[in-house]
Amino acid sequence: MSNSPDIPRLEAAFRELDARMKGAPGYNPALSVVAAGFRPWQGHWLGAVITPWAVQLVLLPGEGGEQPAAPGERRSRAFPVGERNLMGLELEGYGLLEAAPLLPSVQAMTSQGEAESAALAALAALMLPEGTPAFALAPVPGAQSDAKAPVKRPVSRRDFLRGRLFGR
Amino acid sequence: MDLFPAGLGHDSVGAELARRGVPRREFLSFCASLAALMALPAGSEAAVAAAVSAARRQSVIWLSFQECTGCAESLTRSHSPSLENLLFDLISLDYQHTLQAASGEAAEAARMAAMRENQGKYLVIVDGSVPLANPGYCTIAGMSVADILRETVANAMAVVAVGSCAAYGGLPAAQPNPTGAVPISSLVMDKPVVNVPGCPPIPTVITGVLAYFLTFGRLPELDAQGRPKAFYGETIHDRCYRRPFYDQGKFAESFDDEGARKGWCLFKLGCRGPITYNACATTKWNGGVSFPIQSGHGCLGCSEAKFWDMGPFYQPLSTPTATSRMNLAGAAVAGAAAGLAVLAANLGKKSAAQAAHEPIGVADLVKDKAK
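Asks: Please give an account of the overall build of chain B that cites residues and values.
Replies: Within chain B, the secondary structure is distributed over 15 helices and nine strands. Taking as baseline every contact in chain B between residues at least 6 positions apart, the subset at least 24 positions apart corresponds to 75%.

Here you go:
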């Protein structure tokens, strides 16, 4: 694996997959394949991949990190926000990577821009220490709030990202 | 915090817990799991414990209509925490065919007494659908279930329709719907109706709704289909542990291929996870042990309207999900309208019998068939 991630090859592999995923449930034709926000992280590369069927957190193995998870193996990785389970996968046309869902669904997204900003906000949220108040983040499209709910303490980022505010 | 303070009323949950010698630790851990279940912020468990402890034992009348008793089975087989069952005891379950000790006229008398003593304050739980094609299809003590529903709900505080039959008509409403089965919400217009669909629903979801009601004295926030958002806000697919495989386009093609063995996504084998709103993927079943997809079988979508007519079960979903949901909603409305028309027709000829509680039985069924 090279020192910088091969983003064009990654996007090409997902575009190849896109042709086979058309018609799958939750497929949103308003979206297209884009890899966004990749940055060095613990010797690997971490970023988001937006596709018409999912927004994923993707870890591309770098040279400096420990051995990535084998295909099908789940690995718990520690982010500032807390632990997240990533799964080792063999992506046809690219190779080994680790991935996890970054947003629950893309069905309600109306534009590529909306999906990308939501993906980047969710990615940024992973890197903030636990307890950061939600107002520090850009609003996540699709996340619902209830202004009438009796919020008795600042909504944690975790609650915010789960879209589950008090009283829901 | 004193969980069971002396000032609690003798009929409060706290007093009942104290009588039963429930350990404080067990109760608090139960409240913590309830708080998590109801999606309350961390730290809410103390408030939940205090509220549940002080709550009056809620009178509940459980009506069973065209159903298989699977919903009651689901609730009674809930494994952990064991206090869940206890909570079930802590409501005052005044009428429930399977669980109550009384039978015959004494059972019906218990229902009437609960309605009289808790007027305007009791909760009605219903499992099963109501047949409107002919009242004789489902009667209890000679009374049609439509009449029992009308009579029982009249002075209730709210109604909880447990299971897909009560929420959507269920298996009895499967095409061609021979009994003219309709959901509870199409007959109860003047009381709040909470739908807790599932065939059966997850036990913790049933107890979660009851616990929310006990804790806050009001019903949880509902979605457009009357389902509590906390449990039905996301699809099975959204939280499925096999989701990373779907995201990477890795699907099992048959139940014994390499993909199936590796635990890949079951969408191509008919999994309904992407269109099914329920908490199975997070709450799971049998005390959090597993759920159908984890056992290697796709989701059947049992908590969605008309899931039984959405077959074949082992072919992949092919239509865009938004369209199919809209069609289903339309079909449900049409079904309810047809049912109401039949009800109107039946009401005329049966009204005299209803007023006098005159028994409806097999003879009525035969008479209608002969026409």
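Asks: Could you give an account of the sheet that holds strand β3 (residues 55-60) of chain A, naming the residues involved and the relevant values?
Replies: Consider a sheet: its strands pair through backbone hydrogen bonds, and that pairing is either parallel or antiparallel. All names here are of chain A. Across the sheet, six strands lie side by side as β1-β2-β3-β6-β5-β4; this open sheet has antiparallel pairing. Single-partner strands in this sheet number two, and they are β1 (34-41) and β4 (74-79). Averaged over all adjacent pairs, the angle separating strand axes in this sheet is 35°, with direction ignored. Against the sheet, helix α1 (residues 7-21) makes contact with β1, β2 (44-50), β3, β5 (82-91) and β6 (95-101), and its axis sits at roughly 140° relative to β1, the strand it touches most.

Asks: How would you explain the packing of aromatic side chains if you had to name every residue and give the values?
Replies: Counted by the stated rule, this structure contains eight aromatic pairs over all chains. Judged by centre distance (5.3 Å) and plane angle (80°), the rings of Phe307(B) and Trp308(B) are edge-to-face. On the accessibility criterion, Phe307(B) (7% relative accessible area) is buried. In textbook terms, an aromatic cluster arises when at least three aromatic residues are bridged by ring pairs, as seen for Tyr246(B), Phe251(B) and Phe267(B). Sitting over the face of the ring of Tyr94(A), Arg9(A) holds its NZ or CZ atom 4.7 Å from the ring centroid. The aromatic ring of Tyr95(B) is capped on one face by Arg111(B), whose charged end is 5.8 Å from the ring centroid.

The rules behind the values
- Residues numbered from 1 in each chain as written.
- Chains lettered and ligands numbered in written order.
- Predicted model: local features only at pLDDT ≥ 70, side-chain atom pairs only at ≥ 80, totals over all residues.
- Heavy atoms only, no water.
- Helix = DSSP H or I, 4+ residues; strand = E, 2+ residues; numbered from the N terminus.
- Contact = heavy atoms within 4.5 Å.
- Pairing = 2+ DSSP bridges.
- Axes fitted to C-alpha atoms, helices over the stretch in contact; angles between N-to-C directions.
- Phe/Tyr/Trp six-rings, centres within 6.5 Å; stacked < 30°, edge-to-face > 60°.
- Buried < 20%, exposed > 50% of the residue type's maximum accessible area, 1.4 Å probe, protein only.
- Lys NZ or Arg CZ within 6 Å of the ring centre and 35° of its normal.

Honestly, that's just the spatial picture; any functional story needs more than this.
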